[in-house]
Amino acid sequence: MVHPYRRPTAGSLTCMTFQGSGSLDNSNVSGGGGGGGFGGGGGGRIALGGGAGLIVTLVALFFGINPGQILGSSSTSSSSASSSASEIDEHLAQCTVEKANTDDICRIKATTISVNRVWSDQMKGYTPPKTVIFSNSVDTGCGAATSATGPFYCPVDKTAYFDPSFFAELKQMGGSDGPLAQEYVVAHEYGHHVQNLTGALQKGQQLGSHGPKSGSVRVELQADCYAGVWAYHADKGSDAMLEPLTSDQISSVIQTAKAIGDDTIQGSNSNPEGWTHGSADQRVRWFSTGYKNGDPRQCDTFSTNDL
């Protein structure tokens, strides 16, 4: 019987990104889901891109509103939440490097280890965030969230949240379900954690939540650039977790970045004054900047109007 959170893909062995073997040890990754009610604290979620729900959470972040008050809470019972979290925790405990190449949950876990290694080298004083993998809904320090929110980072509890079902939705949006594209999603949310540590999130809050040069767009494009920085370093060095990246794998990330641009999602009626994440071309450009240079200092989206 295939585990409900496992989604093997055809040809996955030819798309491997992680090298080596053995168990994956990261106690900062845990299961969650099915929660009801509101989480404690204010603030808001920083999400990868797209959708009305995601825009709401960004507005909540920049105006200090608890997103749970806007989106509502889940009616799922706490016993169901515990069961779901327990199932995911059991799944996580069985993850290996080999499984990370065929299994979405294990891929998320392996990517967090890789991203933490890179940022520990690139940023003095870096401290890893927590990661929660959930199903359907989850309580957070920023309020209650559902799968419809997409992957997001909560600065209040310094935790990145992922529902693996998002990857299938991302493909339907025109993105790629390739391994590196999924890893880009994780690296992007960890980029928001870096911003939380550096104060960039607070700076973005002061510059507004909508518009082509808003703080929100600058925050999102910088997180894309930081994901590119991770990709540059992730396959280098004696302890590199990733095999040498191929042009096809990078193309899968480019495809995904284009799919979640504001103009792509909003279509022909797209109005730049309503943007919160940046255009498809901007997201590709800033990821590529990070990947080309591998230097976080090149990701300063706050000191330029040439976004």
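Residues numbered from 1 in each chain as written. Predicted model: local features only at pLDDT ≥ 70, side-chain atom pairs only at ≥ 80, totals over all residues. Heavy atoms only, no water.

For the protein chain, the Subcellular location (unreviewed entry) comment in UniProt is given as "Membrane". (UniProt positions renumbered as here; feature names shortened; annotations may be inferred.)

Visitor: Help me out: how do you make sense of helix α9 (residues 247-259) in this one?
Guide: Along an α-helix, residues three or four apart share an orientation, since each turn contains 3.6 residues. With 13 residues, α9 extends 18 Å from end C-alpha to end C-alpha; this agrees with the ideal 18 Å at 1.5 Å per step. Among the residues of α9, those classed as buried are Gln 249, Ile 250, Ser 252, Val 253, Ile 254, Thr 256, Ala 257 and Ala 259. Tucked inside the fold, the buried residues of α9 contact α5 (166-172), α6 (179-198), α10 (262-266) and α11 (280-293). (Helix = DSSP H or I, 4+ residues; strand = E, 2+ residues; numbered from the N terminus. Expected span 1.5 Å × (residues − 1). Buried < 20%, exposed > 50% of the residue type's maximum accessible area, 1.4 Å probe, protein only. Contact = heavy atoms within 4.5 Å.)

Visitor: In this structure, what is going on with the packing of aromatic side chains? I would like to understand it.
Guide: Think of a pair of aromatic rings as described by two things: how far the centres are apart, and how the planes are tilted against each other in angle. What the rule picks out here adds up to six aromatic pairs. Taken together, a centroid distance of 5.7 Å and an interplanar angle of 80° make the contact between Tyr 184 and Phe 287 edge-to-face. Remark: Phe 287 occurs in helix α11 and Tyr 184 occurs in helix α6; sequence separation between them is 103 residues. The exposure class of Tyr 184 is buried, given its relative accessible area of 1%. An aromatic cluster of three or more residues is present, and its members are Phe 134, Phe 152 and Tyr 161. For the cation-ring pair, Lys 236 lies above Tyr 232, with the distance from its terminal atom to the ring centre recorded as 4.2 Å. (Phe/Tyr/Trp six-rings, centres within 6.5 Å; stacked < 30°, edge-to-face > 60°. Lys NZ or Arg CZ within 6 Å of the ring centre and 35° of its normal.)

Visitor: Honestly, the pattern of salt bridges in this entry has me stumped. Any pointers?
Guide: Two side chains that carry opposite charge are able to pair once their charged atoms sit near each other. Tallying each qualifying case throughout the model produces seven salt bridges. Of the charged contacts in the structure, one is a salt bridge between Asp 104 and Arg 107, with a shortest N-O distance of 3.2 Å. Placement of both Asp 104 and Arg 107 in helix α4 (residues 104-122) is noted, with a separation of three residues, approximately one turn of the helix. Residue class for Arg 107 comes out buried when judged on its relative accessible area of 5%. (Salt bridge = Lys/Arg side-chain N within 4 Å of Asp/Glu carboxyl O.)

Visitor: Sorry if this is basic, but what is going on with the nonpolar core here?
Guide: Core analysis: the largest hydrophobic core is formed by 59 residues, its most contacted members being Leu 24, Trp 119, Tyr 184, Trp 230, Leu 242 and Phe 287. For this core, the element with the highest residue contribution is helix α8 (residues 215-234), accounting for 10 residues. Among residues more than four places away in sequence, those in contact with Phe 287 are Tyr 184, Asp 224, Cys 225, Ala 227, Gly 228, Ala 231, Ile 250, Val 253 and Ile 254. Core analysis: the second largest hydrophobic core is formed by eight residues, Val 132, Val 138, Ala 145 and Cys 154 among them. (Core = buried A, V, L, I, M, F, W, Y, C linked by side-chain atoms within 4.5 Å.)

Visitor: Please clarify how unusual backbone geometry should be interpreted in this entry.
Guide: Glycine aside, residues mostly have negative phi angles, and peptide bonds mostly take the trans form. Even without a glycine there, the phi angle at Asn 136 is positive, about 75°. Locating Asn 136 in the fold gives a position in the loop between β3 (130-135) and β4 (137-140). Taking the relative accessible area as the measure of exposure, Asn 136 reaches 53% and is therefore exposed. A positive phi angle, near 50°, is found at Lys 158, a position not held by glycine.

Visitor: What should I look at first to understand the packing of α4 against α6 in this one?
Guide: Between α4 and α6, whose axes approach to 9 Å, the crossing angle comes to 50°. With respect to their mutual orientation, α4 and α6 come out oblique. Both α4 and α6 take part in a crossing whose hand is right-handed. Where α4 abuts α6, its residues Asp 104, Arg 107, Ile 108, Thr 111, Thr 112, Val 115, Asn 116 and Trp 119 lie against Pro 179, Gln 182, Glu 183, Val 186, Ala 187, Tyr 190 and Val 194. Residue composition of the contact of α4 with α6, grouped by class: eight nonpolar, four polar and three charged. (Axes fitted to C-alpha atoms, helices over the stretch in contact; angles between N-to-C directions. Parallel < 35°, antiparallel > 145°, perpendicular 65-115°, else oblique. Left-handed = near helix turned anticlockwise from the far one by under 90°. Nonpolar A, V, L, I, M, F, W, Y, C, P; charged D, E, K, R; others polar.)

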